[in-house]
Amino acid sequence: MILVTGGAGYIGSHVVKKLVDERYEVAVIDNLSTGHRSALPAGTPFYRLDLLEDNKLQTVFAELQPQAVIHFAAKSIVLESVQDPLGTFYPNLTGTMNLLKAMLRAGTKTLVFSSTAAVYGEPRAVPIAEDHPLEPTNPYGESKLFIEKILAATAGAGDLNYTSLRYFNAAGADPEGQMGEDHDPETHLIPRVLAAAVGREKLAVYGDDYPTADGSPVRDYIHVCDLVSAHLLALEALLRGEKKKAVYNLGHQVGFSVLEVIKKAEEITGERIPYRIGPRRPGDPSVLIAGSELIRKELDWKPRYSDLDTIIETAWRWHQNHPHGYNN
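Residues numbered from 1 in each chain as written. Predicted model: local features only at pLDDT ≥ 70, side-chain atom pairs only at ≥ 80, totals over all residues. Heavy atoms only, no water.

*Asks:* Kindly report on helix α5 (residues 139-156), identifying the contributing residues and their values.
*Replies:* Its 18 residues place the ends of α5 25 Å apart at the C-alpha level, agreeing with the 26 Å of an ideal helix rising 1.5 Å per residue. Buried within α5 we find P139, Y140, G141, S143, K144, L145, I147, E148, L151, T154 and A155. Residues of α5 that are buried make contact with α3 (78-83), α4 (85-106), β5 (110-116) and β6 (161-167). Immediately beyond the C-terminal end of α5, within one or two residues, lies G158, with a positive phi of roughly 85 degrees. (Helix = DSSP H or I, 4+ residues; strand = E, 2+ residues; numbered from the N terminus. Expected span 1.5 Å × (residues − 1). Buried < 20%, exposed > 50% of the residue type's maximum accessible area, 1.4 Å probe, protein only. Contact = heavy atoms within 4.5 Å.)

*Asks:* I'd like to hear about the packing of helix α2 (residues 54-64) against α4, residue by residue, with values.
*Replies:* Contact geometry of α2 with α4 gives a least axis separation of 9 Å together with a crossing angle of 35 degrees. Crossing of α2 over α4 shows right-handed handedness. The residues of α4 that touch α2, namely those facing D54, L57, Q58 and F61, are N98, L99, K101, A102, M103, R105 and A106. Looking at the contact of α2 with α4 residue by residue, the classes come out as six nonpolar, two polar and three charged. (Axes fitted to C-alpha atoms, helices over the stretch in contact; angles between N-to-C directions. Left-handed = near helix turned anticlockwise from the far one by under 90°. Nonpolar A, V, L, I, M, F, W, Y, C, P; charged D, E, K, R; others polar.)

*Asks:* Go over the pairing of strand β1 (residues 2-5) with me, naming the residues and quoting the values.
*Replies:* Going residue by residue along β1, you find I2 and V4 tucked away on one face and L3 and T5 tucked away on the opposite face as well. Pairing analysis gives four bridges linking β1 to strand β2 (residues 26-30), with the strands arranged parallel. Counted as the bridge partner of L3 is A27 from β2. Running through helix α1 (residues 10-21), the crossover from β1 to the neighbouring parallel element β2 is right-handed. Direction of pairing for β1 relative to strand β4 (residues 68-71): parallel, over a ladder of four bridges. Following the sheet pairing, V4 is matched in β4 by I70. (Pairing = 2+ DSSP bridges. Right-handed = clockwise from strand over helix to strand, strands pointing away.)

*Asks:* Help me get a handle on the sheet that holds β1, residues and values and all.
*Replies:* On the basis of which strands lie adjacent, the open sheet formed by seven strands has the order β3-β2-β1-β4-β5-β6-β11 and parallel pairing. Both edges of this open sheet fall to β3 (46-48) and β11 (245-250), since each of them pairs with a single strand only. Each strand of the sheet is rotated relative to its neighbour by a mean of 15 degrees, with strand direction disregarded. Of the strand pairs in this sheet, β4 and β5 are connected by three bridges, and their pairing is parallel. Residue pairing in the sheet places H71 in a bridge with F113 of β5. Where helix α7 (residues 224-239) meets the sheet, its contacts fall on β1, β4, β5, β6 and β11, and the angle it forms with β6 comes to roughly 165 degrees.

*Asks:* I'd like to hear about empty space enclosed by the protein, residue by residue, with values.
*Replies:* Under the criterion given, the structure shown has one cavity of 30 Å³ or more. Size it by volume and the largest cavity reaches roughly 50 Å³. Every residue lining the largest cavity is listed: A8, G9, Y10, S13, T34, H36, A39, G180, E181, D182, H183 and Y326. (1 Å grid on protein atoms, 1.4 Å probe; cavity = no way out; pocket = protein on both sides within 12 Å on 5 of 7 lines; lining within 4 Å. Points joined across faces, edges and corners; volume = space filled by probe spheres on them.)

*Asks:* Break down the sheet that holds strand β9 (residues 218-219) for me, citing the residues and quoting the values.
*Replies:* Here we have three strands laid out as an open sheet, ordered β12-β9-β14, and mixed in their pairing. If you trace the sheet from one side to the other, it starts and ends with β12 (256-257) and β14 (287-288), each paired once. Examined bridge by bridge, β9 and β14 share two bridges and lie parallel to one another. Looking across to β14, one finds that R219 is bridged to L288.

Interpretation note: all reported values are geometric properties and have no functional meaning in isolation.
Here it is as structure tokens:
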């Protein structure tokens, strides 16, 4: 049994689908604050609860006795974390500690953790390797870094084997068209750009005075299906006993600016995408590009979908076929 927290969310639901396809026994915990029950494969055991509900969480672990956990559940919006730090720190840290307590009581010692490139902050060198200094510029990144420290200490005590996956910018949608990105409000760039292409979003570019070629922030975009394959590789390595403690970056090792993404989306959609220039958002680094050689070398991870054209094309197909997301 693999238990997935936040499994009804954007990345989590894609991982659950793949686990089910690979014949794993899977159960999902999600409070549905941002996730969608209808994103899950039919028949997936589902527990609607929050990781802050400690007693209910203990009950689920006692019932399921999972072999491993993949942990996605978190508050993850950078701007919200800047405006309301406690609203991010409390659920992310307390929820994860409740999860770890439940795992230890149930004898579950294997964890794949959804971390973030936000732990690095403003990069001193690009691409960013796993040994880059950890200096987050926002509370969201701080919360994920604190969790990584908690995991390392727990592993050091002999109670946990884990892999932490530091995502860069997850994007795209299931190539089969069954699943995609559906947030309310939407904060990720590519779905906002595509909504602007059909007139459903007034697009703002937050800052044009960054030290980049065109002044807009540069990010490394990775297709959600390539994230999925990395999670399975990490899980399988832990289950085989090959890894006790590992940290990997997940990115395509190529950066695109916000304005470049808009231009590419115009090419793919055939629509002119209007936008306005707004002020920088607090906590946004200028450039985030992954160095992901370590996971390629150690787990033989091979991204298949992460060129920008494929990312935007799959997201556009989902957007066209599901204009109201999972509420279609």
